[in-house]
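Observations on chain architecture
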Amino acid sequence: MYSKNDNIIVGLLKNMIKKSITHHSKEFKVLDDFFFEVELNISGFEEDLIEKGIEDLCSNSKWYKINGAHVLSPDITAVRINCTDEKLKFHILKQKLIEFRDLVLGEK
């Protein structure tokens, strides 16, 4: 997921992670033992671009081993777009988001 530089959702997530370090924002909410719920502001972006990014991240499921459990998941799941508030919500595996965060914070 981290290497998908042409994906608008990945770009927004990278920006949110960088901002959350300095502003202590609460866009990441613990959903359960395996997933975080993420909320992104998508105001000002074309709907087609957002939908294409979502489709790309939802298309390839992979197996992950977490705490002894095997979980089949794409990059993001349970996607919801609120057009009124211009917010995108989705679930992402905790392990995947933590790895993604570490890569983003390691950028120079």
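Sequence order sets the numbering: in each chain, residues are counted from 1 along the sequence as written. Two thresholds apply to this predicted model, a pLDDT of at least 70 for residue-level local features and 80 or more for giving and counting side-chain atom pairs, whereas whole-chain, interface and lining totals are computed over all residues. For the side-chain quantities, the full set of heavy atoms in the structure was used; hydrogens and water were omitted.

A word on helix 3 (residues 94-105)
Convention followed: Per the convention used, a helix needs a DSSP run of H or I reaching at least four residues, while a strand needs a run of E reaching at least two, with both numbered from the N terminus. Multiplying 1.5 Å by the helix residue count minus one yields the expected span of that helix. Here's how the labels work: a residue is buried when its accessible area is under 20% of the maximum for its type, exposed when over 50%, partly exposed in between, all with a 1.4 Å probe on protein chains only. Directions are taken from the helix axis to each C-beta atom, and the arc is the one they span.
End to end, helix 3 covers 16 Å across 12 residues, agreeing with the expected 16 Å (1.5 Å per residue, within 8%). Of the positions making up helix 3, those classed as buried are Lys96, Leu97, Phe100 and Val104. Summarising the axial view, the buried residues of helix 3 lie within an arc of 95°, below the 170-degree limit, and thus occupy one face.

Focus: the packing of aromatic side chains
Cut-off, in case you're wondering: We call Phe, Tyr and Trp rings a pair once their centres come within 6.5 Å, taking the six-membered ring for Trp, and we label the pair stacked below 30 degrees between planes, edge-to-face above 60, and tilted otherwise. As a reminder, the over-ring test applies to NZ of lysine and CZ of arginine, requiring each to be within 6 Å of the ring centre and within 35 degrees of the ring normal.
Enumeration over the complete set of coordinates arrives at 0 aromatic pairs. Sitting over the face of the ring of Phe36, Lys94 holds its NZ or CZ atom 5.8 Å from the ring centroid.

Things to note about the environment of Val104
Mapped onto the elements, Val104 comes out in helix 3. Sequence separation of Val104 and His91 is 13 residues, and the distance between their C-alpha atoms is 19 Å.

A closer look at the sheet that holds strand 6 (residues 87-93)
Counted only if it meets this: Here a strand pair is declared whenever DSSP counts at least two bridges between the two strands. Note on geometry: axes are C-alpha line fits, over the in-contact stretch for helices, and angles between N-to-C directions span 0 to 180 degrees. By definition, residues are in contact when any of their heavy atoms lie within 4.5 Å.
Read across the open sheet, the 4 strands follow the order 1-2-6-5; overall the sheet is antiparallel. Of all the strands in the sheet, just strand 1 (28-30) and strand 5 (77-82) have a single pairing partner and so form its edges. Pairs of neighbouring strands in the sheet enclose a mean axial angle of 20°, with direction left out of account. Note that strand 5 and strand 6 share 4 bridges and pair antiparallel. Note that in strand 6 the partner of Arg80 across the bridge is Lys89. Helix-sheet contacts for helix 3 involve strand 1, strand 2 (35-41) and strand 6, and the interaxial angle to strand 6 is about 105°.

Some remarks on the pairing of strand 2
Burial analysis of strand 2 places 5 of its 7 residues in the buried class, the great majority of the element. Taken together, the 3 bridges between strand 1 and strand 2 define a ladder with antiparallel strand orientation. If you follow Phe28 over to strand 2, its bridge partner there is Val38. Inspection of the sheet shows strand 2 paired to strand 6 by 7 bridges, in the antiparallel sense. Counted as the bridge partner of Glu37 is His91 from strand 6.

Focus: the environment of Arg101
By the element assignment, Arg101 lies in helix 3. Accessibility expressed as a relative area gives 35% for Arg101, which makes it partly exposed. Distance in space between the C-alpha atoms of Arg101 and Arg80 is 22 Å, their sequence separation being 21 residues.

Everything listed here is a matter of geometry and, on its own, says nothing about what the molecule does.
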